[in-house]
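An overview of the molecular structure
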Amino acid sequence: MKVYTYFPGCSSSEGTAVAYGESIKAIAGAIGMELVELEDWNCCGSTPYSSTDELGSLCVAARNLALAEKAERDMVTPCSACFTVMNRAKAHLREYPDLRAKVKECLKEAGLEYGGGVRVRHLFEAIYNDIGFGTIAAKMVSPLKGLKVAAYYGCQLVRPESDFDDPNNPKSLEFLVTSLGAEAVPFAMRDRCCGGSLVIPELDLTLGLLHKVFESAAAGGARAIVTVCPLCQTNLDAYQDMVNKKFKTSYNMPVLFFSQLIGVALGMSPKALALDRGLVPAKKVLASYYSAVAATGGGA
Amino acid sequence: MWQKLCFMTLAEESPGAGAALAERPTATAEAEDDSFAEEVYSLPGGEGVRWCIQCGICSASCPNVARMEYSPRRTIAMIRAGRRNDVLNSNSPWICASCYLCTVRCPRGVKPTELMHALERLSTRYGTHSRRVSTPAMYRAFVNSIKNNGRVHEVGLMMEYYRKTNPISALRMSSVGLGLLRHGRLSLKASKIKGVGQINAMLKKAESLGGAK
(Lines give C-alpha, C1' and ligand atoms only; values in the text may rest on other atoms or scores of the structure.)
Protein backbone atom coordinates (compact mmCIF):
# COMPACT_ATOMS: atom_id res chain seq x y z
CA MET A 1 0.00 0.00 0.00
CA LYS A 2 1.42 3.38 -1.03
CA VAL A 3 0.64 6.22 1.37
CA TYR A 4 -0.04 9.80 0.29
CA THR A 5 -1.22 13.04 1.82
CA TYR A 6 -4.57 13.71 0.19
CA PHE A 7 -5.79 17.17 -0.76
CA PRO A 8 -9.37 16.84 -2.06
CA GLY A 9 -9.97 20.51 -2.87
CA CYS A 10 -13.23 22.33 -2.22
CA SER A 11 -15.45 21.01 -4.99
CA SER A 12 -14.47 17.34 -4.60
CA SER A 13 -14.89 17.33 -0.83
CA GLU A 14 -18.49 18.48 -0.55
CA GLY A 15 -19.31 20.67 -3.51
CA THR A 16 -20.34 20.19 -7.09
CA ALA A 17 -17.77 17.42 -7.65
CA VAL A 18 -18.50 15.47 -4.47
CA ALA A 19 -18.82 12.34 -6.63
CA TYR A 20 -15.14 12.68 -7.49
CA GLY A 21 -14.15 12.53 -3.82
CA GLU A 22 -16.57 9.68 -3.12
CA SER A 23 -15.41 7.55 -6.04
CA ILE A 24 -11.75 8.14 -5.17
CA LYS A 25 -12.38 6.90 -1.64
CA ALA A 26 -14.13 3.87 -3.12
CA ILE A 27 -11.26 2.83 -5.41
CA ALA A 28 -8.18 3.92 -3.42
CA GLY A 29 -7.77 0.82 -1.25
CA ALA A 30 -8.57 -1.54 -4.10
CA ILE A 31 -5.78 -0.12 -6.28
CA GLY A 32 -3.24 -0.02 -3.47
CA MET A 33 -3.35 3.59 -2.34
CA GLU A 34 -3.81 4.91 1.14
CA LEU A 35 -4.94 8.53 1.09
CA VAL A 36 -4.50 10.43 4.34
CA GLU A 37 -6.47 13.67 4.12
CA LEU A 38 -4.47 16.78 4.98
CA GLU A 39 -5.86 17.96 8.27
CA ASP A 40 -7.73 21.27 8.21
CA TRP A 41 -6.64 22.06 4.67
CA ASN A 42 -7.83 25.30 3.11
CA CYS A 43 -8.77 26.32 -0.43
CA CYS A 44 -5.72 26.43 -2.72
CA GLY A 45 -6.72 29.96 -3.77
CA SER A 46 -7.22 28.95 -7.37
CA THR A 47 -6.92 31.45 -10.24
CA PRO A 48 -9.31 34.02 -8.70
CA TYR A 49 -6.94 34.66 -5.80
CA SER A 50 -3.69 34.83 -7.76
CA SER A 51 -5.40 37.12 -10.25
CA THR A 52 -6.28 39.68 -7.62
CA ASP A 53 -3.61 39.54 -4.91
CA GLU A 54 -0.28 37.78 -5.47
CA LEU A 55 1.03 37.77 -1.91
CA GLY A 56 -2.33 36.83 -0.38
CA SER A 57 -2.72 33.96 -2.81
CA LEU A 58 0.76 32.66 -2.05
CA CYS A 59 0.01 32.78 1.68
CA VAL A 60 -3.16 30.76 1.26
CA ALA A 61 -1.37 28.13 -0.83
CA ALA A 62 1.66 28.13 1.46
CA ARG A 63 -0.45 27.24 4.50
CA ASN A 64 -1.37 23.97 2.80
CA LEU A 65 2.22 23.36 1.74
CA ALA A 66 3.46 24.01 5.28
CA LEU A 67 0.88 21.64 6.79
CA ALA A 68 1.70 18.98 4.20
CA GLU A 69 5.43 19.27 4.71
CA LYS A 70 5.10 18.03 8.29
CA ALA A 71 3.71 14.74 7.02
CA GLU A 72 6.80 14.08 4.86
CA ARG A 73 4.84 12.43 2.08
CA ASP A 74 3.90 13.37 -1.46
CA MET A 75 0.64 15.28 -1.58
CA VAL A 76 -1.85 14.22 -4.23
CA THR A 77 -4.90 16.14 -5.38
CA PRO A 78 -7.56 15.07 -7.88
CA CYS A 79 -8.25 18.68 -8.85
CA SER A 80 -6.33 20.06 -11.82
CA ALA A 81 -6.74 23.63 -10.57
CA CYS A 82 -5.42 22.82 -7.07
CA PHE A 83 -2.55 20.93 -8.70
CA THR A 84 -1.56 23.82 -10.94
CA VAL A 85 -2.07 26.55 -8.36
CA MET A 86 -0.07 24.87 -5.61
CA ASN A 87 2.76 24.09 -8.01
CA ARG A 88 2.62 27.68 -9.21
CA ALA A 89 2.95 28.83 -5.60
CA LYS A 90 5.92 26.51 -5.10
CA ALA A 91 7.61 27.87 -8.23
CA HIS A 92 6.97 31.48 -7.22
CA LEU A 93 8.42 30.88 -3.77
CA ARG A 94 11.50 29.39 -5.44
CA GLU A 95 11.92 32.02 -8.13
CA TYR A 96 11.07 35.25 -6.30
CA PRO A 97 13.20 35.66 -3.13
CA ASP A 98 11.37 38.81 -2.04
CA LEU A 99 7.99 37.07 -2.16
CA ARG A 100 9.49 34.07 -0.38
CA ALA A 101 10.73 36.30 2.45
CA LYS A 102 7.33 37.95 2.81
CA VAL A 103 5.44 34.66 2.77
CA LYS A 104 7.81 33.35 5.41
CA GLU A 105 6.89 36.28 7.66
CA CYS A 106 3.18 35.73 7.03
CA LEU A 107 3.46 32.02 7.82
CA LYS A 108 5.16 32.93 11.08
CA GLU A 109 1.99 34.81 12.08
CA ALA A 110 0.18 31.48 11.80
CA GLY A 111 2.90 29.60 13.66
CA LEU A 112 3.92 27.77 10.49
CA GLU A 113 6.97 27.43 8.31
CA TYR A 114 7.60 25.96 4.90
CA GLY A 115 10.95 24.76 3.63
CA GLY A 116 10.00 24.06 0.02
CA GLY A 117 10.01 20.29 0.37
CA VAL A 118 6.56 19.07 -0.58
CA ARG A 119 5.92 17.37 -3.87
CA VAL A 120 2.42 18.22 -5.11
CA ARG A 121 1.09 15.71 -7.62
CA HIS A 122 -2.10 15.15 -9.51
CA LEU A 123 -3.79 11.99 -8.30
CA PHE A 124 -4.11 10.80 -11.89
CA GLU A 125 -0.35 11.13 -12.40
CA ALA A 126 0.38 9.27 -9.15
CA ILE A 127 -1.84 6.41 -10.28
CA TYR A 128 -0.22 6.45 -13.73
CA ASN A 129 3.36 6.43 -12.44
CA ASP A 130 3.24 4.75 -9.02
CA ILE A 131 0.42 2.22 -9.32
CA GLY A 132 0.37 1.63 -13.07
CA PHE A 133 -2.62 1.04 -15.29
CA GLY A 134 -1.49 -2.54 -15.86
CA THR A 135 -1.84 -3.30 -12.17
CA ILE A 136 -5.37 -1.92 -12.22
CA ALA A 137 -6.23 -3.83 -15.39
CA ALA A 138 -5.11 -7.06 -13.71
CA LYS A 139 -7.78 -6.50 -11.05
CA MET A 140 -10.62 -5.85 -13.47
CA VAL A 141 -13.87 -7.68 -12.92
CA SER A 142 -15.71 -6.14 -15.81
CA PRO A 143 -13.55 -4.93 -18.69
CA LEU A 144 -15.25 -2.04 -20.46
CA LYS A 145 -15.21 -3.78 -23.81
CA GLY A 146 -17.03 -1.88 -26.54
CA LEU A 147 -17.42 1.32 -24.51
CA LYS A 148 -16.49 4.32 -26.64
CA VAL A 149 -15.01 7.01 -24.46
CA ALA A 150 -13.78 10.53 -25.17
CA ALA A 151 -10.75 11.08 -22.93
CA TYR A 152 -10.93 14.71 -21.86
CA TYR A 153 -7.80 16.19 -20.27
CA GLY A 154 -8.98 19.77 -19.99
CA CYS A 155 -6.14 22.19 -19.38
CA GLN A 156 -4.36 22.10 -16.10
CA LEU A 157 -3.34 18.45 -15.86
CA VAL A 158 -0.60 18.80 -18.48
CA ARG A 159 -0.29 22.58 -18.76
CA PRO A 160 1.55 24.84 -18.06
CA GLU A 161 4.07 22.13 -17.21
CA SER A 162 4.09 18.39 -17.12
CA ASP A 163 6.77 15.96 -16.12
CA PHE A 164 4.78 12.92 -17.19
CA ASP A 165 2.96 13.69 -20.42
CA ASP A 166 3.30 15.87 -23.49
CA PRO A 167 1.64 19.29 -22.90
CA ASN A 168 0.93 19.57 -26.63
CA ASN A 169 -0.20 16.03 -27.28
CA PRO A 170 -1.13 14.16 -24.11
CA LYS A 171 -1.74 10.42 -24.21
CA SER A 172 -1.92 9.17 -20.62
CA LEU A 173 -5.70 9.32 -20.21
CA GLU A 174 -6.21 7.40 -23.44
CA PHE A 175 -3.83 4.78 -22.02
CA LEU A 176 -6.11 4.43 -19.00
CA VAL A 177 -9.21 4.13 -21.14
CA THR A 178 -7.69 1.40 -23.30
CA SER A 179 -6.16 -0.38 -20.28
CA LEU A 180 -9.68 -0.71 -18.88
CA GLY A 181 -10.79 -2.41 -22.09
CA ALA A 182 -12.69 0.58 -23.46
CA GLU A 183 -12.04 2.39 -26.71
CA ALA A 184 -10.58 5.91 -26.74
CA VAL A 185 -12.22 7.66 -29.69
CA PRO A 186 -10.45 10.26 -31.83
CA PHE A 187 -11.14 13.52 -30.00
CA ALA A 188 -9.54 16.70 -31.32
CA MET A 189 -10.76 18.90 -28.47
CA ARG A 190 -9.46 16.58 -25.78
CA ASP A 191 -7.04 19.08 -24.25
CA ARG A 192 -9.02 22.26 -24.91
CA CYS A 193 -10.63 24.49 -22.37
CA CYS A 194 -14.08 23.97 -20.83
CA GLY A 195 -14.15 27.56 -19.61
CA GLY A 196 -13.49 26.67 -15.99
CA SER A 197 -14.88 29.14 -13.47
CA LEU A 198 -15.61 31.64 -16.27
CA VAL A 199 -18.88 29.74 -16.59
CA ILE A 200 -20.22 32.09 -13.91
CA PRO A 201 -19.27 35.52 -15.28
CA GLU A 202 -19.05 34.53 -18.97
CA LEU A 203 -21.81 31.97 -19.42
CA ASP A 204 -22.37 32.33 -23.17
CA LEU A 205 -18.68 32.26 -23.94
CA THR A 206 -18.33 29.08 -21.90
CA LEU A 207 -21.33 27.40 -23.50
CA GLY A 208 -19.61 27.97 -26.83
CA LEU A 209 -16.45 26.23 -25.60
CA LEU A 210 -18.47 23.33 -24.20
CA HIS A 211 -20.36 22.97 -27.45
CA LYS A 212 -17.08 22.48 -29.32
CA VAL A 213 -16.03 19.77 -26.88
CA PHE A 214 -19.31 17.86 -27.29
CA GLU A 215 -19.22 18.26 -31.04
CA SER A 216 -15.74 16.79 -31.19
CA ALA A 217 -16.53 13.94 -28.77
CA ALA A 218 -19.69 13.04 -30.66
CA ALA A 219 -17.90 13.16 -34.03
CA GLY A 220 -15.58 10.43 -32.74
CA GLY A 221 -18.57 8.32 -31.74
CA ALA A 222 -18.12 8.67 -27.97
CA ARG A 223 -20.91 7.45 -25.68
CA ALA A 224 -19.32 9.03 -22.61
CA ILE A 225 -16.67 11.54 -21.64
CA VAL A 226 -14.11 10.85 -18.93
CA THR A 227 -12.34 13.70 -17.10
CA VAL A 228 -9.64 14.28 -14.50
CA CYS A 229 -10.91 17.66 -13.30
CA PRO A 230 -13.87 18.65 -11.10
CA LEU A 231 -14.53 21.85 -13.03
CA CYS A 232 -14.51 20.09 -16.38
CA GLN A 233 -16.99 17.51 -15.12
CA THR A 234 -19.34 20.09 -13.66
CA ASN A 235 -19.29 22.28 -16.75
CA LEU A 236 -19.76 19.41 -19.20
CA ASP A 237 -22.40 17.65 -17.13
CA ALA A 238 -24.46 20.38 -15.48
CA TYR A 239 -24.46 22.73 -18.47
CA GLN A 240 -25.03 20.10 -21.16
CA ASP A 241 -28.74 20.83 -21.21
CA MET A 242 -28.06 24.54 -21.64
CA VAL A 243 -25.66 23.80 -24.52
CA ASN A 244 -28.37 21.70 -26.17
CA LYS A 245 -30.88 24.53 -25.88
CA LYS A 246 -28.51 27.22 -27.10
CA PHE A 247 -27.11 25.28 -30.06
CA LYS A 248 -30.21 23.19 -30.81
CA THR A 249 -28.29 19.97 -30.27
CA SER A 250 -29.28 16.79 -28.45
CA TYR A 251 -26.12 15.60 -26.73
CA ASN A 252 -26.79 13.01 -24.08
CA MET A 253 -23.27 12.31 -22.96
CA PRO A 254 -22.60 11.15 -19.41
CA VAL A 255 -19.44 12.73 -17.99
CA LEU A 256 -17.49 10.47 -15.67
CA PHE A 257 -14.52 11.04 -13.45
CA PHE A 258 -11.60 8.75 -14.24
CA SER A 259 -11.97 7.30 -10.75
CA GLN A 260 -15.56 6.27 -11.59
CA LEU A 261 -14.44 4.62 -14.81
CA ILE A 262 -11.81 2.62 -12.89
CA GLY A 263 -14.44 1.68 -10.30
CA VAL A 264 -16.89 0.40 -12.91
CA ALA A 265 -14.19 -1.83 -14.37
CA LEU A 266 -13.36 -3.08 -10.89
CA GLY A 267 -17.01 -4.06 -10.50
CA MET A 268 -17.86 -1.53 -7.81
CA SER A 269 -21.49 -0.58 -7.33
CA PRO A 270 -22.95 2.57 -8.93
CA LYS A 271 -23.79 3.82 -5.46
CA ALA A 272 -20.23 3.45 -4.13
CA LEU A 273 -18.99 5.33 -7.18
CA ALA A 274 -21.67 8.04 -6.81
CA LEU A 275 -22.69 7.54 -10.43
CA ASP A 276 -26.19 8.77 -9.59
CA ARG A 277 -24.82 12.26 -8.98
CA GLY A 278 -24.41 12.94 -12.66
CA LEU A 279 -27.11 15.15 -14.16
CA VAL A 280 -26.76 13.26 -17.42
CA PRO A 281 -27.46 9.67 -16.38
CA ALA A 282 -24.73 7.10 -17.05
CA LYS A 283 -26.93 4.11 -16.32
CA LYS A 284 -27.78 3.12 -19.87
CA VAL A 285 -24.24 3.44 -21.16
CA LEU A 286 -22.80 1.37 -18.31
CA ALA A 287 -25.65 -1.13 -17.87
CA SER A 288 -24.05 -3.98 -19.81
CA TYR A 289 -20.91 -3.88 -17.67
CA TYR A 290 -22.99 -4.20 -14.53
CA SER A 291 -25.07 -7.06 -15.90
CA ALA A 292 -21.80 -8.82 -16.77
CA VAL A 293 -20.71 -8.40 -13.14
CA ALA A 294 -24.04 -9.73 -11.85
CA ALA A 295 -23.84 -12.73 -14.18
CA THR A 296 -20.44 -13.73 -12.83
CA GLY A 297 -21.46 -13.05 -9.24
CA GLY A 298 -18.65 -10.54 -8.70
CA GLY A 299 -18.73 -6.90 -7.69
CA ALA A 300 -18.94 -4.87 -4.53
CA MET B 1 -0.56 57.17 -35.75
CA TRP B 2 1.70 54.36 -36.94
CA GLN B 3 0.81 52.45 -33.84
CA LYS B 4 -2.86 52.81 -34.54
CA LEU B 5 -2.34 51.43 -38.02
CA CYS B 6 -0.14 48.70 -36.68
CA PHE B 7 -2.74 47.58 -34.15
CA MET B 8 -5.49 47.62 -36.70
CA THR B 9 -3.77 46.00 -39.64
CA LEU B 10 -2.30 43.27 -37.54
CA ALA B 11 -5.78 42.25 -36.47
CA GLU B 12 -5.09 38.57 -37.08
CA GLU B 13 -7.54 37.82 -34.40
CA SER B 14 -11.15 36.89 -34.51
CA PRO B 15 -14.30 38.12 -36.15
CA GLY B 16 -15.31 39.60 -32.79
CA ALA B 17 -12.35 41.94 -32.68
CA GLY B 18 -13.85 44.24 -35.28
CA ALA B 19 -17.04 44.63 -33.32
CA ALA B 20 -15.16 45.27 -30.13
CA LEU B 21 -13.14 48.01 -31.86
CA ALA B 22 -16.13 50.31 -31.92
CA GLU B 23 -16.48 50.08 -28.15
CA ARG B 24 -13.05 51.52 -27.44
CA PRO B 25 -13.42 55.25 -26.96
CA THR B 26 -9.89 55.74 -25.63
CA ALA B 27 -8.14 53.20 -27.81
CA THR B 28 -6.21 55.59 -29.99
CA ALA B 29 -6.32 58.80 -27.98
CA GLU B 30 -3.80 57.86 -25.36
CA ALA B 31 -0.33 59.30 -25.13
CA GLU B 32 2.57 56.99 -24.51
CA ASP B 33 3.52 56.35 -20.92
CA ASP B 34 7.12 55.17 -20.76
CA SER B 35 6.87 54.04 -17.17
CA PHE B 36 4.12 51.53 -17.91
CA ALA B 37 6.23 48.96 -19.75
CA GLU B 38 8.86 49.13 -17.01
CA GLU B 39 6.18 48.65 -14.38
CA VAL B 40 4.86 45.55 -16.15
CA TYR B 41 8.37 44.10 -16.63
CA SER B 42 8.90 44.40 -12.89
CA LEU B 43 5.83 42.33 -11.99
CA PRO B 44 5.96 38.58 -11.40
CA GLY B 45 4.60 37.29 -14.69
CA GLY B 46 5.34 40.51 -16.59
CA GLU B 47 9.04 39.87 -17.27
CA GLY B 48 8.42 37.96 -20.49
CA VAL B 49 6.89 40.95 -22.29
CA ARG B 50 10.46 41.98 -23.12
CA TRP B 51 11.14 38.75 -24.98
CA CYS B 52 8.02 38.72 -27.20
CA ILE B 53 8.66 38.57 -30.96
CA GLN B 54 5.01 39.32 -31.85
CA CYS B 55 4.58 36.02 -33.66
CA GLY B 56 0.95 35.85 -32.53
CA ILE B 57 0.82 32.19 -31.59
CA CYS B 58 -0.71 33.23 -28.26
CA SER B 59 -3.64 34.91 -30.01
CA ALA B 60 -4.00 32.04 -32.44
CA SER B 61 -4.10 29.55 -29.54
CA CYS B 62 -6.49 31.48 -27.33
CA PRO B 63 -9.97 29.91 -27.14
CA ASN B 64 -11.52 33.18 -25.97
CA VAL B 65 -9.79 35.73 -28.19
CA ALA B 66 -13.00 36.58 -30.06
CA ARG B 67 -14.46 38.01 -26.88
CA MET B 68 -11.35 40.03 -26.00
CA GLU B 69 -11.04 43.71 -26.80
CA TYR B 70 -7.34 43.19 -27.47
CA SER B 71 -5.75 39.86 -28.27
CA PRO B 72 -2.83 38.67 -26.12
CA ARG B 73 -0.32 39.63 -28.84
CA ARG B 74 -1.84 43.05 -29.22
CA THR B 75 -1.95 43.52 -25.45
CA ILE B 76 1.80 42.91 -25.35
CA ALA B 77 2.39 45.39 -28.18
CA MET B 78 0.32 47.98 -26.32
CA ILE B 79 2.22 47.46 -23.09
CA ARG B 80 5.46 48.13 -24.94
CA ALA B 81 3.91 51.22 -26.50
CA GLY B 82 3.05 52.53 -23.04
CA ARG B 83 -0.73 52.41 -23.47
CA ARG B 84 -1.46 52.17 -19.76
CA ASN B 85 -5.15 53.07 -19.71
CA ASP B 86 -6.08 51.08 -22.77
CA VAL B 87 -4.44 47.95 -21.38
CA LEU B 88 -5.71 48.29 -17.83
CA ASN B 89 -9.26 49.19 -18.90
CA SER B 90 -9.55 46.36 -21.38
CA ASN B 91 -11.63 43.27 -20.77
CA SER B 92 -8.94 40.96 -22.15
CA PRO B 93 -7.23 39.72 -18.97
CA TRP B 94 -10.61 38.98 -17.38
CA ILE B 95 -11.62 36.82 -20.33
CA CYS B 96 -8.53 34.61 -19.99
CA ALA B 97 -9.62 31.17 -18.76
CA SER B 98 -6.07 30.17 -17.71
CA CYS B 99 -5.95 27.28 -20.14
CA TYR B 100 -2.18 27.87 -20.62
CA LEU B 101 -2.25 26.86 -24.28
CA CYS B 102 -0.43 30.09 -25.20
CA THR B 103 2.13 29.43 -22.47
CA VAL B 104 3.14 25.99 -23.72
CA ARG B 105 3.26 27.17 -27.32
CA CYS B 106 5.11 30.48 -26.94
CA PRO B 107 8.53 30.11 -28.60
CA ARG B 108 10.02 32.82 -26.35
CA GLY B 109 8.80 31.68 -22.94
CA VAL B 110 6.68 34.80 -22.45
CA LYS B 111 4.02 33.07 -20.28
CA PRO B 112 1.04 35.13 -21.48
CA THR B 113 -1.29 33.48 -18.91
CA GLU B 114 0.88 34.79 -16.07
CA LEU B 115 0.95 38.16 -17.82
CA MET B 116 -2.86 38.25 -17.92
CA HIS B 117 -2.96 37.49 -14.18
CA ALA B 118 -0.41 40.24 -13.54
CA LEU B 119 -2.55 42.71 -15.51
CA GLU B 120 -5.63 41.64 -13.55
CA ARG B 121 -3.77 42.36 -10.31
CA LEU B 122 -2.56 45.70 -11.62
CA SER B 123 -6.00 46.86 -12.68
CA THR B 124 -7.41 45.59 -9.37
CA ARG B 125 -4.83 47.68 -7.56
CA TYR B 126 -5.59 50.81 -9.59
CA GLY B 127 -9.32 50.12 -9.64
CA THR B 128 -9.32 50.51 -13.41
CA HIS B 129 -10.81 47.26 -14.56
CA SER B 130 -13.39 47.27 -17.25
CA ARG B 131 -17.00 47.69 -16.16
CA ARG B 132 -18.00 45.53 -19.08
CA VAL B 133 -16.79 42.37 -17.35
CA SER B 134 -18.24 40.57 -14.34
CA THR B 135 -15.20 38.40 -13.67
CA PRO B 136 -13.74 40.78 -11.03
CA ALA B 137 -16.94 40.49 -8.98
CA MET B 138 -16.76 36.69 -9.17
CA TYR B 139 -13.10 36.72 -8.12
CA ARG B 140 -13.91 38.99 -5.17
CA ALA B 141 -16.72 36.69 -4.04
CA PHE B 142 -14.34 33.73 -4.36
CA VAL B 143 -11.66 35.39 -2.23
CA ASN B 144 -14.24 36.50 0.35
CA SER B 145 -15.42 32.92 0.70
CA ILE B 146 -11.86 31.84 1.51
CA LYS B 147 -11.46 34.64 4.04
CA ASN B 148 -14.75 33.75 5.75
CA ASN B 149 -14.56 29.96 5.69
CA GLY B 150 -11.06 28.92 4.68
CA ARG B 151 -12.67 27.09 1.79
CA VAL B 152 -14.86 28.01 -1.11
CA HIS B 153 -18.53 27.59 -0.43
CA GLU B 154 -19.99 27.46 -3.93
CA VAL B 155 -23.57 28.44 -3.02
CA GLY B 156 -22.40 31.39 -0.92
CA LEU B 157 -20.04 32.49 -3.68
CA MET B 158 -22.81 32.42 -6.27
CA MET B 159 -25.22 34.30 -4.04
CA GLU B 160 -22.71 37.06 -3.34
CA TYR B 161 -21.77 37.26 -7.01
CA TYR B 162 -25.34 37.62 -8.26
CA ARG B 163 -26.22 40.08 -5.50
CA LYS B 164 -23.30 42.30 -6.53
CA THR B 165 -23.79 42.02 -10.28
CA ASN B 166 -27.11 41.17 -11.85
CA PRO B 167 -29.56 39.28 -9.60
CA ILE B 168 -31.94 38.78 -12.51
CA SER B 169 -29.32 36.81 -14.45
CA ALA B 170 -29.37 34.22 -11.67
CA LEU B 171 -32.75 33.10 -13.02
CA ARG B 172 -31.03 31.69 -16.07
CA MET B 173 -28.96 29.50 -13.78
CA SER B 174 -31.88 28.19 -11.78
CA SER B 175 -32.23 24.96 -13.76
CA VAL B 176 -28.54 24.15 -13.33
CA GLY B 177 -28.74 25.01 -9.62
CA LEU B 178 -31.79 22.85 -9.06
CA GLY B 179 -30.24 19.97 -10.98
CA LEU B 180 -27.11 20.10 -8.86
CA LEU B 181 -29.15 20.39 -5.70
CA ARG B 182 -31.31 17.40 -6.60
CA HIS B 183 -28.20 15.31 -7.11
CA GLY B 184 -26.71 16.32 -3.78
CA ARG B 185 -24.01 18.47 -5.31
CA LEU B 186 -24.72 21.77 -3.60
CA SER B 187 -23.92 22.14 0.03
CA LEU B 188 -26.23 24.77 1.47
CA LYS B 189 -24.24 25.28 4.63
CA ALA B 190 -20.68 26.57 4.51
CA SER B 191 -18.22 24.49 6.48
CA LYS B 192 -15.60 26.50 8.25
CA ILE B 193 -12.12 25.17 8.85
CA LYS B 194 -10.37 25.55 12.20
CA GLY B 195 -7.59 27.58 10.64
CA VAL B 196 -9.69 30.56 9.49
CA GLY B 197 -8.01 32.64 12.18
CA GLN B 198 -4.58 31.55 10.94
CA ILE B 199 -5.47 32.50 7.39
CA ASN B 200 -6.70 35.92 8.37
CA ALA B 201 -3.64 36.56 10.54
CA MET B 202 -1.48 35.72 7.51
CA LEU B 203 -3.50 37.91 5.20
CA LYS B 204 -3.39 40.82 7.62
CA LYS B 205 0.37 40.53 7.73
CA ALA B 206 0.47 40.23 3.94
CA GLU B 207 -1.47 43.45 3.63
CA SER B 208 0.95 45.24 5.94
CA LEU B 209 3.77 44.02 3.67
CA GLY B 210 2.08 45.54 0.65
CA GLY B 211 0.22 42.45 -0.56
CA ALA B 212 -3.25 43.59 -1.47
CA LYS B 213 -3.47 47.28 -2.22
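Right, let's walk through the structure included here.

Now for the overall build of chain A. Along the backbone of chain A there are 14 helices and eight strands. At 19 Å, chain A has a C-alpha radius of gyration in line with the 19 Å of a compact globule built from 300 residues. Along the first, second and third principal axes, the C-alpha set of chain A runs to 60 × 45 × 30 Å. Buried positions account for 64% of the 300 residues belonging to chain A. Contacts in chain A between residues far apart in sequence, at least 24 positions, make up 78% of those at least 6 positions apart. Within the structure as shown, chain A displays about 10600 Å² of accessible surface, and the carbon and sulfur contribution to it stands at 52%. Taking the average location of the 30 positive side-chain charges in chain A and that of its 31 negative ones, the two points are 6 Å from each other.

In this complex, chain A contributes 67 residues to the contact, which on the side of chain B involves 63 residues. Regarding the contact of chain A and chain B, the summed buried area is about 5800 Å², with carbon and sulfur atoms giving 61% of it. Counting across the chain A and chain B interface gives seven salt bridges. Residue glutamate 54 of chain A is joined to arginine 121 of chain B by a salt bridge in which the shortest nitrogen-to-oxygen separation is 3.0 Å. In this assembly, chain A and chain B are joined by 27 residue pairs in polar contact (both at pLDDT 80 or more). Contributing elements (two or more residues each) for the side of chain A that touches chain B: helix H1 (10–14), helix H3 (46–50), helix H4 (54–71), helix H5 (80–95), helix H6 (97–109), helix H10 (203–219) and helix H11 (230–238) of chain A. Taken together, the residues of the side of chain A that touches chain B sort by class into 30 nonpolar, 20 polar and 17 charged.

Here the focus is unusual backbone geometry. Residue and element names in this part refer to chain A. The omega torsion across arginine 159 and proline 160 is 5 degrees, close enough to zero to call that bond cis. Looking at the element boundaries, proline 160 is found in the loop between strand E5 (148–152) and helix H9 (172–179). Its identity is not glycine, yet glutamate 72 carries a phi of approximately 55 degrees, on the positive side. When you line up the elements, glutamate 72 lands in the loop between H4 and strand E3 (75–77).

Another point: the nonpolar core. In globular proteins that are soluble, nonpolar side chains generally tend to be buried together. Judged by nonpolar contacts, the single largest core of 95 residues is most densely connected at Met75, Ile225 and Tyr239 of chain A. Ranked by the residues each element gives to this core, the list is headed by H4 of chain A, at 10 residues. Excluding anything up to four places from it in sequence, tyrosine 239 of chain A contacts Val199, Leu203, Leu207, Leu210 and Thr234 of chain A together with Met173 and Val176 of chain B. The next biggest cluster of nonpolar side chains, apart from the first, holds 52 residues, and it includes Tyr6, Ile136, Leu173 and Val285 of chain A.

This part covers the side chain of histidine 122 of chain A. All names here are of chain A. By secondary structure assignment, the location of histidine 122 is in strand E4 (residues 120–122). Of the polar contacts made by the side chain of histidine 122, one reaches the side chain of serine 80; its length is 3.3 Å. Not counting residues within four places of it along the chain, the set of residues in contact with histidine 122 comprises Tyr20, Thr77, Pro78, Cys79, Ser80, Phe83, Leu157 and Val228.

Turning to the pairing of strand E1 (residues 2–6) of chain A, a few remarks are in order. If a strand is regular, its side chains alternate between the two faces of the sheet. Residues and elements named next belong to chain A. Note that E1 and strand E2 (residues 33–37) share five bridges and pair parallel. Its bridge partner being in E2, tyrosine 4 is matched across the sheet by leucine 35. Of the strand pairs in this sheet, E1 and E3 are connected by two bridges, and their pairing is parallel. Its bridge partner lying in E3, threonine 5 is registered against methionine 75.

It is worth spelling out the packing of aromatic side chains at this point. Think of a pair of aromatic rings as described by two things: how far the centres are apart, and how the planes are tilted against each other in angle. Residues and elements named next belong to chain A. By the definition in use, this model includes 13 aromatic pairs over all chains. Taken together, a centroid distance of 6.4 Å and an interplanar angle of 5 degrees make the contact between phenylalanine 124 and tyrosine 128 stacked. You can see phenylalanine 124 and its partner tyrosine 128 sitting in helix H7 (residues 123–131), four residues apart, about one turn around the helix. Their ring planes at 25 degrees and their centres at 5.4 Å tell us that phenylalanine 214 and tyrosine 251 sit as a pair that is stacked.

A full pass over the atoms with the stated rule returns zero disulfides over all chains. Free of any disulfide, cysteine 44 of chain A has its nearest cysteine sulfur in cysteine 82 of chain A, 3.9 Å distant.

Bringing the environment of lysine 284 of chain A into the picture now. Residues and elements named next belong to chain A. If you trace the backbone, lysine 284 turns up in helix H14 (residues 283–296). By relative accessible area, which is 73% here, lysine 284 ends up exposed. Along the backbone, lysine 284 and valine 103 are 181 residues apart, and their C-alpha atoms lie at a distance of 51 Å.

We now examine the pattern of salt bridges. Residue and element names in this part refer to chain A. The tally for this structure, following the rule as stated, stands at 24 salt bridges over all chains. Ionic pairing is found between aspartate 74 and arginine 119, a salt bridge with its closest N-O pair at 3.4 Å. Taken together, the residues span a long stretch of sequence, with aspartate 74 in the loop between H4 and E3 and arginine 119 in the loop between H6 and E4 at a distance of 45 residues. Using a relative accessible area of 40% as the deciding quantity, one classes arginine 119 as partly exposed. Note that aspartate 191 is salt-bridged to arginine 192, the shortest N-O span being 3.5 Å. One network of salt bridges, with partners in common, ties together Asp74, Arg119, Arg121, Glu125 and Asp130.

Scoring rules and cut-offs
- Residues numbered from 1 in each chain as written.
- Chains lettered and ligands numbered in written order.
- Predicted model: local features only at pLDDT ≥ 70, side-chain atom pairs only at ≥ 80, totals over all residues.
- Heavy atoms only, no water.
- Helix = DSSP H or I, 4+ residues; strand = E, 2+ residues; numbered from the N terminus.
- Rg over C-alpha atoms; globule rule 2.2 N^0.38 Å.
- Buried < 20%, exposed > 50% of the residue type's maximum accessible area, 1.4 Å probe, protein only.
- Contact = heavy atoms within 4.5 Å.
- Areas by Shrake-Rupley, 256 points an atom, 1.4 Å probe, with all protein chains shown as cover.
- Lys, Arg positive; Asp, Glu negative; His and termini not counted.
- Charge placed at Lys NZ, Arg CZ, Asp CG, Glu CD.
- Buried area = accessible area lost by both parts, 1.4 Å probe.
- Salt bridge = Lys/Arg side-chain N within 4 Å of Asp/Glu carboxyl O.
- Polar contact = N/O pair within 3.5 Å; in protein donor to acceptor, adjacent residues only side chain to side chain.
- Nonpolar A, V, L, I, M, F, W, Y, C, P; charged D, E, K, R; others polar.
- Core = buried A, V, L, I, M, F, W, Y, C linked by side-chain atoms within 4.5 Å.
- Pairing = 2+ DSSP bridges.
- Phe/Tyr/Trp six-rings, centres within 6.5 Å; stacked < 30°, edge-to-face > 60°.
- Disulfide = S-S within 2.5 Å.

Geometric descriptors of this kind do not, in isolation, establish any biological role.
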